[in-house]
Amino acid sequence: MKKLNLDEIRRRIDEIDEKIVGLMEERLHIVQEVALYKKQNNMKIFDEKREREVIEKNLGRVKEEELKHYIEVILKDIMDSSKEYQKYKIGVSREYVNDLELEGKKIGYTGVPGSYAYEVLINLIKNNMNMKKGTDEENFKNIVNFASHRELVEAVHNRKVDMAILPIENSIVGEVRDSIDLINKKNIHIIGEVQHKIEHNLLGVKGSSIERIKKVYSHEQALMQCSDFLSFYPDWKTEKMTNTAVSGKYISDMENIENACIANLKTKEMYNLELLAENINNEKENYTRFFIISGKETVISGSEKVSIVTSTKNESGALMKLLEVLSEYNLNMVNLKSRPRMSKPWEYYFYIDFEGNIKDGKVKEALEKIREKSTYLQILGNYKIYNLI
């Protein structure tokens, strides 16, 4: 067996690394040209099809099968770094407006008419200062519904809709786990937030009563939020559905007096259901935060909240040093959550909300310092909070 010389092996690795660094620097210069072209031609920075083609093409050049997985991880990191560099160097076209431009826009939500997201969307349209006064049919004709959050975000990303309403967090049961990850992955923007009071009700078909109920349908979060009420009826079976209003439509279609659903009063109206028990939440002060998302970065006049997603080196005190930047600039952090990085086990993204406006000099300086202390940074949005009735 050939005797190995560690110093010689390391020297060869150093030579290869030197070439890689030079090539990466050259690649990033070209990436800058690509970003400039995209900006001039109003193209998205993230082109999912092109990214997949690049990765697959280069994996086809790998000669040793067992190395493919590791090279794929490296290629994905290169693509992520390229996207971040494009946004950092070229910037994103940011539009400043007085209020959301909803007139003539296609707006998406998840579920069916009557859902909480639908209710939020209707209220948003009715309270928008830029909407012309017209009939409900005229104002709501461009509303589009989707079966899942993933489909909704894909539609925003692919510009099939101009904006959408996406639930992000409930004050009782916490975050809607997939929503924030989808926003980060697809590089779309948060342009507003709506805080909506949730009032769950037990609904049945006409002629039904609580005594006849055997099965209750609803979204899993609604079932959790009404667990105290449901505990009084241990014989009832519960069935999870994709959406509260979907459960209302389902029991309406089934016309079975033994079925009930947990939903809002809008669902009762939409599907001609009977109110069996009102306001059955565990907690009466129950709110859900919804994000208004768009493929175009828009900042509304009076925006007072900034959301970012970042990652740090996996070393002691790294996150603390990053958060100290907010304290240094007297910026109030209102939310901090961690989410796993799917391609990198035991590494995490950190989602941070803080009060401020991106036009403010101290906010710009703080974000630049955070960028220096992080291994990844994306500004998800600077937006206004709408409290709608």
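Residues numbered from 1 in each chain as written. Predicted model: local features only at pLDDT ≥ 70, side-chain atom pairs only at ≥ 80, totals over all residues. Heavy atoms only, no water.

A.B. asks: Help me understand the side chain of asparagine 281, please; the structure alone is not making it clear to me.
C.D. replies: Summarising the element assignment, asparagine 281 is placed in the loop between strand 11 (274-277) and strand 12 (287-294). Residue classification places asparagine 281 among the buried positions, given a relative accessible area of 4%. At a separation of 2.9 Å, a polar atom in the side chain of asparagine 281 contacts the main-chain amide nitrogen of histidine 200. Ignoring any residue separated from it by four or fewer positions in sequence, one finds asparagine 281 in contact with Ile198, Glu199, His200, Gln225, Cys226 and Asn286. (Helix = DSSP H or I, 4+ residues; strand = E, 2+ residues; numbered from the N terminus. Buried < 20%, exposed > 50% of the residue type's maximum accessible area, 1.4 Å probe, protein only. Polar contact = N/O pair within 3.5 Å; in protein donor to acceptor, adjacent residues only side chain to side chain. Contact = heavy atoms within 4.5 Å.)

A.B. asks: Would you take a moment to explain the nonpolar core for this structure?
C.D. replies: Burial of nonpolar side chains together is a common tendency in soluble globular proteins. Core analysis: the largest hydrophobic core is formed by 23 residues, its most contacted members being Leu100, Leu124, Ile165 and Ile292. Among the secondary structure elements, those contributing two or more residues to this core are strand 2 (107-110), helix 4 (116-126), strand 4 (163-170), strand 6 (189-197) and strand 12. If you tally residues by element for this core, the top one is helix 4, at eight residues. (Core = buried A, V, L, I, M, F, W, Y, C linked by side-chain atoms within 4.5 Å.)

A.B. asks: For this particular structure, what's the right way to read the packing of aromatic side chains?
C.D. replies: Centre-to-centre distance and the angle between the planes together describe a pair of aromatic rings. Per the counting criterion, the structure on display carries seven aromatic pairs. With 5.5 Å between their ring centres and 55° between their planes, tyrosine 109 and tyrosine 118 make a pair best called tilted. There is no split in this pair, since tyrosine 109 and tyrosine 118 are both buried. Seen in terms of ring centroids, tyrosine 217 and tyrosine 250 are 4.9 Å apart; in terms of plane orientation they differ by 55°. Their pairing is tilted. Of this pair, tyrosine 217 sits in strand 8 (residues 215-219) while tyrosine 250 sits in helix 10 (residues 244-254), placing them 33 residues apart in sequence. Judged by its relative accessible area of 7%, tyrosine 217 falls in the buried class. The structure contains a cluster of three or more aromatic residues connected by ring pairs, namely Phe229, Tyr233 and Trp236. (Phe/Tyr/Trp six-rings, centres within 6.5 Å; stacked < 30°, edge-to-face > 60°.)

A.B. asks: Hey, could you run me through the packing of helix 12 (residues 318-328) against helix 13 (residues 361-373) in this one?
C.D. replies: Running from N to C, helix 12 and helix 13 cross one another at 170°; their axes reach a closest spacing of 9 Å. Viewed along their axes, helix 12 and helix 13 adopt a mutual orientation that is roughly antiparallel. For the pair helix 12 and helix 13, contact is made by Lys321, Leu322, Val325, Leu326 and Glu328 and by Ala366, Lys369, Ile370 and Lys373, respectively. Residues of the contact of helix 12 with helix 13, tallied by class, amount to five nonpolar, no polar and four charged. (Axes fitted to C-alpha atoms, helices over the stretch in contact; angles between N-to-C directions. Parallel < 35°, antiparallel > 145°, perpendicular 65-115°, else oblique. Nonpolar A, V, L, I, M, F, W, Y, C, P; charged D, E, K, R; others polar.)

A.B. asks: What's the story with the environment of isoleucine 143 in this structure? I'm lost.
C.D. replies: Looking at the element boundaries, isoleucine 143 is found in strand 3 (residues 143-146). Isoleucine 143 sits in the buried class, given a relative accessible area of 18%. For the pair isoleucine 143 and valine 161, spaced 18 residues apart in sequence, the C-alpha to C-alpha distance is 9.0 Å. Setting aside chain neighbours within four positions, we find isoleucine 143 in contact with Ile107, Tyr109, Leu121, Ile122 and Ile125.

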